[in-house]
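So you can see what is in the structure, the chains are spelled out below.
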Amino acid sequence: MTFNGVNGEPQLILALSKGRIFEDTLPLLSAAGIEVLENPETSRKLILSTNDPGVRVLIVRASDVPTYVQHGAADFGVAGKDVLLEHGGEGLYQPIDLRIAQCRMSVAVNAGFDYDKAVRQGARLRVATKFVNTAREHFASKGVHVDLIKLYGSMELAPLVGLSDAIVDVVSTGGTLRANNLVEVEKIMDISSRLVVNQAALKLKRERLQPILEAFERASQQQG
Ligand code: AMP
């Protein structure tokens, strides 16, 4: 799929996911003079126009952003560190930590479960998560034996119904864990969203991309 821009200029395609990443990217786009003309929460469109006829936005699942950018279906995108670690980052240039959509990846268990004791005793833990690569590395580095159970969402449910002893999930306010009587027992890492750029696009569309990347970088630094 190729989009042609105005006056033969290459079209720039940005991949974003709905929700927090989309909302937090809007001010960065504004800083680059780009306003998205449709709201993905109310529109069912998956390709959104902007005030710049040379820039369009694809709305994709958060975990699919690196794939669209890797294969060049999008020139650049915004994805969480959690998602990028699972993807592996192949074919992607990651120039900027945008410091948006900040949260942490943590281990959580049922309120009554003594995680530290289970780890000390060398118990084999069943861990449910969407982030199997990150979880595998984390527990391997601690020398904890785990059976990983891959889920695609609602990880919080797994310990409640006995599917797992623990979960690895992203936590922001902790409200979701509390609402499900789960306790955060270990932070694995801080998470924020990164700009990712297709490596070929960076070379072939550098003139169009560079000012946008610079505006994103300046605006994200101001976020502190
Ligand atoms: P909270 O209740 O504020 O701790 O939010 C936790 C829930 O929101 C988790 O189930 C996550 O799936 C989701 N979440 C929160 N922050 C993020 C983020 N920055 N990126 C992706 N998912 C998030």
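How each quantity is defined
Residues numbered from 1 in each chain as written. Predicted model: local features only at pLDDT ≥ 70, side-chain atom pairs only at ≥ 80, totals over all residues. Heavy atoms only, no water. Axes fitted to C-alpha atoms, helices over the stretch in contact; angles between N-to-C directions. Helix = DSSP H or I, 4+ residues; strand = E, 2+ residues; numbered from the N terminus. Parallel < 35°, antiparallel > 145°, perpendicular 65-115°, else oblique. Left-handed = near helix turned anticlockwise from the far one by under 90°. Contact = heavy atoms within 4.5 Å. Nonpolar A, V, L, I, M, F, W, Y, C, P; charged D, E, K, R; others polar. Near = heavy atom within 4 Å. Polar contact = N/O pair within 3.5 Å; in protein donor to acceptor, adjacent residues only side chain to side chain. Areas by Shrake-Rupley, 256 points an atom, 1.4 Å probe, with all protein chains shown as cover. Domains from an automatic or database assignment. Buried area = accessible area lost by both parts, 1.4 Å probe. Salt bridge = Lys/Arg side-chain N within 4 Å of Asp/Glu carboxyl O. Buried < 20%, exposed > 50% of the residue type's maximum accessible area, 1.4 Å probe, protein only. Pairing = 2+ DSSP bridges. Expected span 1.5 Å × (residues − 1). Arc of directions from axis to C-beta.

K.L.:
Honestly, the packing of helix H1 (residues 20-31) against helix H9 (residues 206-222) in this entry has me stumped. Any pointers?
P.N.:
In helix packing, the relevant descriptors are the interaxial angle and the interaxial distance, both defined with respect to the helix axes. At a minimum axis distance of 8 Å, the contact between H1 and H9 shows a crossing angle of 120°. Comparing the axis directions of H1 and H9 gives the class oblique. Where H1 crosses over H9, the handedness of that crossing is right-handed. In contact with Thr 25, Leu 28, Leu 29 and Ala 31 of H1, H9 contributes Ala 215, Phe 216, Ala 219 and Ser 220. Looking at the contact of H1 with H9, its residues break down into six nonpolar, two polar and no charged.

K.L.:
Sorry if this is basic, but what is going on with the site of the ligand here?
P.N.:
Around the ligand, the neighbouring residues are Arg 20, Ala 101, Cys 103, Glu 156, Asp 169, Val 170, Val 171, Ser 172, Thr 173, Gly 174, Gly 175 and Thr 176. Glu 156 places a side-chain nitrogen or oxygen 3.0 Å from an oxygen atom of the ligand. In the model, an oxygen atom of the ligand is placed 2.5 Å from a nitrogen or oxygen of the Thr 176 side chain. In isolation the ligand exposes 490 Å². Once the protein is present, 69% of that is buried. For the shell around the ligand, the secondary-structure elements that each account for two or more residues are strand E5 (92-110), strand E8 (166-171) and helix H7 (175-179). Split by residue class, the shell around the ligand holds four nonpolar, five polar and three charged.

K.L.:
Any chance you could explain the domain arrangement of the protein chain here in plain terms?
P.N.:
A common way to express how large an interface is: the accessible area buried when the components associate. Per the domain assignment, the segments making up the protein chain are domain 1 (6-101 + 192-223) and domain 2 (103-190). In this structure, domain 1 and domain 2 have C-alpha centres spaced 31 Å apart. In this assembly, eight residues from domain 1 lie in contact with twelve residues from domain 2. Taken over both partners, the interface formed by domain 1 and domain 2 buries close to 730 Å², and the fraction arising from carbon and sulfur atoms is 43%. When residues of domain 1 are sorted by the area they lose upon contact with domain 2, Asp 82, Leu 85 and Glu 86 head the list and together hold 61% of the total. Our enumeration of links across domain 1 and domain 2 arrives at zero salt bridges.

K.L.:
What am I meant to see in the pairing of strand E1 (residues 12-16) here?
P.N.:
Within a regular strand, side chains alternate between the sheet's two faces. For E1, the tally of buried residues reaches five of five residues, placing the bulk of the element in the interior. Alternating positions in E1 separate into two faces, Leu 12, Leu 14 and Leu 16 on one and Ile 13 and Ala 15 on the other, with burial throughout. Pairing of E1 with strand E3 (residues 55-59) involves five bridges; the strand directions are parallel. Residue pairing for E3: Leu 14 is matched across the bridge by Val 57. In this structure, E1 lies alongside strand E4 (residues 76-80), joined through two bridges in parallel fashion. Among the inter-strand pairings, Leu 14 is bridged to a residue of E4, identified as Phe 76.

K.L.:
Would you mind showing me how to read H9 here?
P.N.:
Turn by turn, an α-helix covers 3.6 residues, leaving residues three or four places apart pointing in a common direction. The terminal C-alpha atoms of H9 lie 24 Å apart, and with 17 residues this matches the ideal 24 Å at 1.5 Å per residue to within 8%. Buried residues of H9: Arg 208, Leu 209, Ile 212, Leu 213, Ala 215, Phe 216, Ala 219 and Ser 220, and no others. Down the axis of H9, the buried side of the element spans an arc of 165°, and every buried residue falls inside it. In H9, the exposed residues that point more than 90 degrees away from the buried face are Glu 207 and Gln 222.

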